[in-house]
Amino acid sequence: MANPIPNSSECGDRPLNASAHLSDDETRLLDPKRAGQAGRVHRGLQEAITEGIIPPGVLLVSADLASGYKVDSHVVAVALRGLAHNGLVQLHHLGAKVSDAPIAPPIPHLSPRQAHSRIELTIRRRLATRIYQPGSMLPRQKALAKEFGVSPAAYRRAINRLVEEGFLIPSVNPKGTRVSNRLPHVETVPC
C-alpha cells in the first residue's frame, strides 16, 4: 500500500493556525507550534480517510505517523483524538484504527435541544468532510437514531434544519434520506 502520510514539503507551507479543526480543548496542552502541527496531521489524515486513500480497518500506528509527519508522539495523539471525536477512527493502544462507518461520540445526559444540536452538527460535519457523498443515501434513520441514542422521531427532528438548508433531500418513500449535491463547506462548520 502506498504511504498515506504526505511528505513534509506538501504540508510544511501551511499556516501555523492549522489546528482550526481541532478544538481548543483538544490542543490546550500543546504550545502554538505543536498545536499547528497537530492540526496539520489531523487534516492530512482526515482528508486521506474521507477520500478513501486510507481504507476502513487500517491501523494507524502512532510511531509511524510521528516519523512520517516529523512530529512528536504527543502531537500525533492529539490529532488521533480529534479524529476519534469526529468518528473517523477508534483509538487503539498502538494508535488508531480507521472506522468502518463514522461513529458519533456518545451523547450523555443532554436535553432534547442539546441532543438535536449535537446530531445536526455531527451530520453537518460528515456532509462537509464528504463522509456522506453527494447523491448517496444516509444510513437508515433507525441506525442513526440508535448511534445517537435517540428515537427515530427525535433524529428526524434533529436533521430538519439540514433538509431546510438543502443539504439533505427527505424521503418521499421508505427508501431513506438522500444527500444533495449542495453540501456545507468545512470552513463554515464549527468545530
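Refer to the structure printed above.
Residues numbered from 1 in each chain as written. Predicted model: local features only at pLDDT ≥ 70, side-chain atom pairs only at ≥ 80, totals over all residues. Heavy atoms only, no water.

*Asks:* I'm lost on the overall build of the protein chain in this one. Help?
*Replies:* In terms of regular secondary structure, the protein chain is built from eight helices and five strands. Counted from the first residue to the last, the protein chain has its helices and strands arranged as α-α-α-β-α-α-β-β-α-α-α-β-β. Across the 191 residues of the protein chain, 41% fall into the buried class. In the protein chain, once contacts between residues fewer than 6 apart in sequence are set aside, the share between residues at least 24 apart is 61%. (Helix = DSSP H or I, 4+ residues; strand = E, 2+ residues; numbered from the N terminus. Buried < 20%, exposed > 50% of the residue type's maximum accessible area, 1.4 Å probe, protein only. Contact = heavy atoms within 4.5 Å.)

*Asks:* Please explain helix α7 (residues 141-148) as it appears in this structure.
*Replies:* Counting along an α-helix, one turn takes 3.6 residues, and residues three or four places apart therefore face a common direction. Of the residues making up α7, those classed as buried are Leu144, Ala145 and Phe148. Taken around the axis of α7, the buried residues stretch over an arc of 100°, which confines them to a single face. Away from its buried face, by an angle of more than 90 degrees, α7 presents the exposed residues Lys142 and Lys146. Where α7 is buried, its residues meet α6 (112-128) and α8 (152-164). Just beyond α7, the residue with positive phi is glycine 149, at close to 75°. (Arc of directions from axis to C-beta.)

*Asks:* Please explain the pattern of salt bridges as it appears in this structure.
*Replies:* Oppositely charged side chains can form a pair if their charged atoms are brought close together. The full count for this structure, using the stated rule, is five salt bridges. Notably, a salt bridge pairs aspartate 72 with arginine 34, separated by 2.9 Å at the nearest N-O pair. Of the two residues, aspartate 72 sits in the loop between α4 (62-69) and α5 (73-85) while arginine 34 sits in helix α3 (residues 32-50), which places them 38 residues apart along the sequence. Note on aspartate 72: relative accessible area 31%, which makes it partly exposed. Across the pair glutamate 165 and arginine 161 runs a salt bridge, and its minimum N-O distance is 3.0 Å. Residue classification places glutamate 165 among the partly exposed positions, given a relative accessible area of 25%. (Salt bridge = Lys/Arg side-chain N within 4 Å of Asp/Glu carboxyl O.)

*Asks:* Please explain the packing of α4 against α5 as it appears in this structure.
*Replies:* Between α4 and α5, the least distance of the axes is 9 Å, while the angle of their chain directions is 110°. Classified by the interaxial angle, the pair formed by α4 and α5 is roughly perpendicular. Judged by the sense of rotation from one axis to the other, the crossing of α4 with α5 is right-handed. Contacts between α4 and α5 involve Ser62, Leu65 and Ala66 from the first element and Ser73, Val76 and Leu80 from the second. Split by residue class, the contact of α4 with α5 holds four nonpolar, two polar and no charged. (Axes fitted to C-alpha atoms, helices over the stretch in contact; angles between N-to-C directions. Parallel < 35°, antiparallel > 145°, perpendicular 65-115°, else oblique. Left-handed = near helix turned anticlockwise from the far one by under 90°. Nonpolar A, V, L, I, M, F, W, Y, C, P; charged D, E, K, R; others polar.)

*Asks:* Would you mind going over the nonpolar core with me for this structure?
*Replies:* Among soluble globular proteins, nonpolar side chains are generally buried collectively. Core analysis: the largest hydrophobic core is formed by 25 residues, its most contacted members being Leu45, Ile49, Ile54, Leu60, Leu80 and Val89. Among the secondary structure elements, those contributing two or more residues to this core are α3, α4, α5 and β3 (95-98). Ignoring any residue separated from it by four or fewer positions in sequence, one finds leucine 80 in contact with Leu45, Leu60, Ser62, Leu65, Val89, Leu91, Gly95 and Ala96. If you look at the next biggest cluster of nonpolar residues, it comprises 16 residues, including Ile119, Leu138, Leu144 and Ile159. (Core = buried A, V, L, I, M, F, W, Y, C linked by side-chain atoms within 4.5 Å.)

*Asks:* Can you walk me through the environment of leucine 59 in this structure?
*Replies:* For leucine 59, the position within the fold is in strand β1 (residues 59-61). Judged by its relative accessible area of 34%, leucine 59 falls in the partly exposed class. The sequence separation of leucine 59 and leucine 94 amounts to 35 residues, and the corresponding C-alpha distance is 8.2 Å. If near-sequence neighbours (up to four positions away) are discounted, leucine 59 is found in contact with His92, Leu94, Ala96 and Lys97.

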